[in-house]
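# Chains, contacts and geometry: an overview
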Amino acid sequence: MTSLLVIIVLVLLAIALWQLTKIFDLTQVGVESDTSQIANDDDNNTQGYLMFGFLAFIYIFSIYGLFKWGPLVLHTPASKHGADIDNLMNVTWILIFIVQAITQVLLHYFAFKYRGKKDQKALFFSDSTKLEVIWSGIPAVVLAVLILFGLYAWTNIMFVDENEDTIEIEVYAQQFKWTARYSGADNVLGKANVRLIEGVNTLGVDLSDPNAQDDIVVSELHIPKGKKIHFKFRSQDVLHSAYFPYFRAQMNCVPGMVTEFAFEPIYTSAEYRDLPYMIEKVANINAIRAKKSIELVAKGETALDPYTFDFLLLCNKICGASHYNMQMKVVVDTPEDYKKWLSDKLTLVQEVKTANAPKPVEGGVGADSTKTKDTAAIAKIAMK
């Protein structure tokens, strides 16, 4: 409703300004003025200086943005390939900035230098092979280098050797949550199909598949430091995107198909929290939260809890109304802690058996005999 009112106000303001312009034109009746639609030297000079003004605005705003929002960008990568991604991004930014600086300065400078002047004619020539070679050859070489650099990083993430020692984990996306399935001791994920979804088997795992007998399903993702993790992604409903920002990895989750990538964590969650930049970042966030808590308490509301950093798996596709809340905690453990955590989990087969186990019938075999006697006694008293 507020947005609609703002739009209405802006429309009415535009109409008012338009009417004021017409009134101003009426007040100029009888006054000598240049009503020609042809630009003169003064008009061209004004436009030339405005071009320089716009150029200054571009760079002043860019420099301001770097200082204002620069600290908000992701910092130290938490995966082995993350440094390659950051290097590729930094090289790309530098090239873009250099090319943008050269082209924009020349564009605005030439617009001023060769602005229209009375009795001046523009030079025309049909083509220049030299110029075409320069402006086609240089971008082609630069793009080729960037593409080769990108392919190197892409290969490190996307291609996993079958003989490579990895841990296979499936990440299952659905509106609006993530679920992880571990491949167990055999390191092979069992088959799955959405038609098999029933009860606690929310991932549709084929429980008759021998490879599925040791699969473990959890709602919190744990991975060991120093071990390559081979992720496989499925989606139950719509297009999602699995995004691990601190690990510099992202992959679309497409209904009806399996997508995948792999990465190796190089910090445990505890180690990453102790990095100097993260300590400072958490302190700044908690200072903001403490200030906000004072306002909330003054209104009689609950204060905000202190913030603690955790790795997160996010959805990077707008997948519905609760898309913003689709996240899962990711914990990077030491190899020893990871094995201990995993050993305490029930397999999916065990969970299904527990859920389907017959419950004791009251008064039947396995029922509490004391409770049965008490019930019988109460019935006799009621009859009297």
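Described below are features of the structure shown in this document. Please read these numbers as outputs of a predicted model, since none were measured by experiment. (Residues numbered from 1 in each chain as written. Predicted model: local features only at pLDDT ≥ 70, side-chain atom pairs only at ≥ 80, totals over all residues. Heavy atoms only, no water.)

### Focus on the packing of helix H3 (residues 82–113) against helix H4 (residues 129–158)
Packing of H3 against H4 leaves a shortest axis separation of 10 Å and a crossing angle of 165°. The angle between H3 and H4 falls in the class roughly antiparallel. Seen along the crossing, H3 lies across H4 with a hand that is left-handed. For the pair H3 and H4, the contacting residues are Asp84, Ile85, Asn87, Leu88, Val91, Thr92 and Leu95 in the first and Val142, Leu146, Phe149, Gly150, Tyr152, Ala153, Asn156 and Ile157 in the second. For the contact of H3 with H4, the residue count by class is 10 nonpolar, four polar and one charged. (Axes fitted to C-alpha atoms, helices over the stretch in contact; angles between N-to-C directions. Helix = DSSP H or I, 4+ residues; strand = E, 2+ residues; numbered from the N terminus. Parallel < 35°, antiparallel > 145°, perpendicular 65-115°, else oblique. Left-handed = near helix turned anticlockwise from the far one by under 90°. Contact = heavy atoms within 4.5 Å. Nonpolar A, V, L, I, M, F, W, Y, C, P; charged D, E, K, R; others polar.)

### Quick look at the pattern of salt bridges
Taken as a whole and assessed by the stated rule, the structure comprises 10 salt bridges. Between arginine 181 and glutamate 170 there is a salt bridge, with the nearest N and O atoms lying 3.0 Å from each other. Linking arginine 181 in strand E2 (residues 177–182) with glutamate 170 in strand E1 (residues 166–174), this pair joins segments that are 11 residues apart in sequence. A relative accessible area of 2% places arginine 181 in the buried class. For glutamate 170, a relative accessible area of 5% corresponds to the buried category. For lysine 225, the salt bridge identified is with glutamate 271, shortest N-O distance 3.1 Å. Here lysine 225 is found in the loop between strand E4 (221–224) and strand E5 (228–235), whereas its partner glutamate 271 is found in helix H5 (residues 269–273), with 46 residues between them in sequence. On the accessibility criterion, lysine 225 (30% relative accessible area) is partly exposed. (Salt bridge = Lys/Arg side-chain N within 4 Å of Asp/Glu carboxyl O. Buried < 20%, exposed > 50% of the residue type's maximum accessible area, 1.4 Å probe, protein only.)

### As for the nonpolar core
The biggest cluster of nonpolar side chains holds 43 residues, and the ones touching the most others in it are Trp178, Tyr182, Leu221, Ile223, Phe231, Phe244 and Phe261. Looking at this core, the element that brings in the most residues is E1, giving four residues. Apart from residues no more than four positions distant in its own chain, leucine 221 is found in contact with Ile169, Ala180, Tyr182, Phe231, Phe244, Met328, Lys329, Val330 and Val331. Membership of the second largest hydrophobic core comes to seven residues, among which are Val205, Ala212, Val217 and Val352. (Core = buried A, V, L, I, M, F, W, Y, C linked by side-chain atoms within 4.5 Å.)

### Things to note about the sheet that holds E4
The five strands lie next to each other as E4-E10-E9-E6-E7, forming an open sheet whose pairing is mixed. Edge positions in the open sheet fall to E4 and strand E7 (249–253), since each of these has one partner strand only. Within this sheet the neighbouring strands show an average axis-to-axis angle of 25°, counted without direction. Note that strand E6 (residues 240–244) and strand E9 (residues 311–315) share two bridges and pair antiparallel. Bridge assignment links alanine 242 to a residue of E9, and that residue is cysteine 315. Packed onto the sheet, helix H7 (residues 335–343) meets E4 and strand E10 (327–333) and runs at close to 140° relative to E4. (Pairing = 2+ DSSP bridges.)

### Digging into unusual backbone geometry
Cis geometry marks the peptide bond from glutamine 175 to phenylalanine 176; its omega dihedral reads 0°. Tracing the sequence through the fold places phenylalanine 176 in the loop between E1 and E2. Of note, the phi angle at asparagine 187 is positive, near 55°, even though the residue is not glycine. In this structure, asparagine 187 sits in the loop between E2 and strand E3 (216–218). Under the relative-accessibility criterion, asparagine 187 is labelled partly exposed at 26%. If you check the backbone angles, arginine 248 has positive phi at about 55° while not being a glycine. Its place among the elements puts arginine 248 in the loop between E6 and E7.

### With respect to the layout of surface pockets
Within this model, the largest pocket holds a volume of roughly 630 Å³. Residue lining of the largest pocket: 20 residues in total, with Leu66, Val73, Met89, Asn90 and Trp93 positioned closest to the centre. Those elements giving two or more residues to the lining of the largest pocket turn out to be helix H2 (41–69) and H3. Among the elements that line the lining of the largest pocket, the one with the most residues is H3, at eight residues. Across the lining of the largest pocket, the residue classes break down as 12 nonpolar, six polar and two charged. As a volume, the second largest pocket reaches approximately 320 Å³. Glu170, Ala192, Arg234, Met257 and Val258 are the residues nearest the centre of the second largest pocket, which is lined by 20 residues in total. Put simply, the parts of the chain that give the lining of the second largest pocket at least two residues each are E1 and E5. (1 Å grid on protein atoms, 1.4 Å probe; cavity = no way out; pocket = protein on both sides within 12 Å on 5 of 7 lines; lining within 4 Å. Points joined across faces, edges and corners; volume = space filled by probe spheres on them.)

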